[in-house]
Amino acid sequence: MAISQLKKQYSMSDAYRALVLMPRALRALIQNRKKQQISPQFVERLMLAVTEVNGCAICSYAHTGRALSEGLSNAEIQSFLSGSDQYVVPHEARAILFAQHYADQSGRPSRKALQNLVEAYGADQARAILGAIQVIMVGNVMGIPFSALGSRIKGRPYNNSSLHWEVLVSLSWLILLPIAFAHGALRALFGKPNSFCLPDPDS
């Protein structure tokens, strides 16, 4: 019997676009651990905010454990996963809103939103914020179909999903990963920003 719908469905092109950005996003997070531009708790709140928009069951489970280990309370975690702003720290509010916007736009934020992020936090913190968002986006994009496939195997398929999509996107990373990473390296070599932005309405 079918159960609730998936909140978001990502295509193979979405998965590829997320994977292209992954190497530099990971590097930004590694550098952040050394320099502490943003706290580990801030990183987890960003990832929970993205996961809430995308509705990735497996990522919600994984990051609940991770967030608890970083000192977030269960009430705070559940608040973020339900979309509440009860525990949003004032200084982090703009970044959390950007994270939600990024996920809502399937990894293609508006140029204005990205510019506002840099203006609000400065280049270094914005890079760390964007890195955290882009890393969890890869997990969500790949985790959503995997979660749906697992639910199907248990006899509880999502009513807006299909076995074809679940298997195709779940396995696509095997083919897409090396190509996307090479693409990402070329983008870095030619100085392309580590984002794919939507054009602004007035551009």
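Keep in mind the model is a prediction, meaning the values are calculated, not measured.

A. Geometry of the side chain of S170. The residue S170 is located in helix α7 (residues 163-189) in this model. Polar contacts involving the side chain of S170 include one to the main-chain amide nitrogen of F146, which spans 3.4 Å.

B. Highlighting empty space enclosed by the protein. For the coordinates displayed, the defined rule picks out one cavity of 30 Å³ or more. Approximately 60 Å³ is the volume found for the largest cavity. Together, D14, R17, A18, L21, Y102, S106, G107, Q134 and M137 line the largest cavity. Considering each element in turn, the lining of the largest cavity owes the most residues, four residues, to helix α1 (residues 12-35). In the lining of the largest cavity, the residues fall into four nonpolar, three polar and two charged.

C. Summary view of the pattern of salt bridges. With the rule as written, the count across this model stands at eight salt bridges. Salt-bridge contacts for D14 lead to R17; the nearest nitrogen and oxygen are separated by 3.0 Å. In this pair, D14 and R17 are both assigned in helix α1, three residues apart and thus about one turn of the helix distant. Taken individually, D14 and R17 each receive the classification buried, so the pair is uniform in this respect. Taking the shortest distance from any N to any O, the salt bridge between E76 and R45 comes out at 2.9 Å. Residue E76 is found in helix α4 (residues 74-81), and its partner R45 is found in helix α2 (residues 40-54); the two are separated by 31 residues along the sequence. Both residues of the pair, E76 and R45, belong to the buried class.

D. Focus on a nonpolar patch on the surface. On the surface, a nonpolar cluster with roughly 680 Å² of combined accessible area is contributed by L163, V167, L171, W173, L174, I175 and I179. Structurally, the position occupied by W173 is in helix α7. A residue is classified by how much of its surface remains accessible, and W173, at 39% relative accessible area, is partly exposed.

E. Representation of the nonpolar core in the model. Counting residues in each nonpolar core, the largest one holds 56 residues, and the members touching the most others are L46, F98, L117, I129, I133 and M137. Broken down by secondary-structure element, the contributors of at least two residues to this core are α1, α2, α3 (57-69), α4, α5 (93-104), α6 (111-153) and α7. If sequence neighbours within four positions are ignored, M137 has contacts with Y10, V50, N54, Y102, A103, S106 and G107.

The rules behind these values
Residues numbered from 1 in each chain as written. Predicted model: local features only at pLDDT ≥ 70, side-chain atom pairs only at ≥ 80, totals over all residues. Heavy atoms only, no water. Helix = DSSP H or I, 4+ residues; strand = E, 2+ residues; numbered from the N terminus. Polar contact = N/O pair within 3.5 Å; in protein donor to acceptor, adjacent residues only side chain to side chain. 1 Å grid on protein atoms, 1.4 Å probe; cavity = no way out; pocket = protein on both sides within 12 Å on 5 of 7 lines; lining within 4 Å. Points joined across faces, edges and corners; volume = space filled by probe spheres on them. Nonpolar A, V, L, I, M, F, W, Y, C, P; charged D, E, K, R; others polar. Salt bridge = Lys/Arg side-chain N within 4 Å of Asp/Glu carboxyl O. Buried < 20%, exposed > 50% of the residue type's maximum accessible area, 1.4 Å probe, protein only. Patch = residues over 30% accessible without salt bridge, like charges linked within 9 Å, V, L, I, M, F, W, Y side chains within 5 Å. Areas by Shrake-Rupley, 256 points an atom, 1.4 Å probe, with all protein chains shown as cover. Core = buried A, V, L, I, M, F, W, Y, C linked by side-chain atoms within 4.5 Å. Contact = heavy atoms within 4.5 Å.

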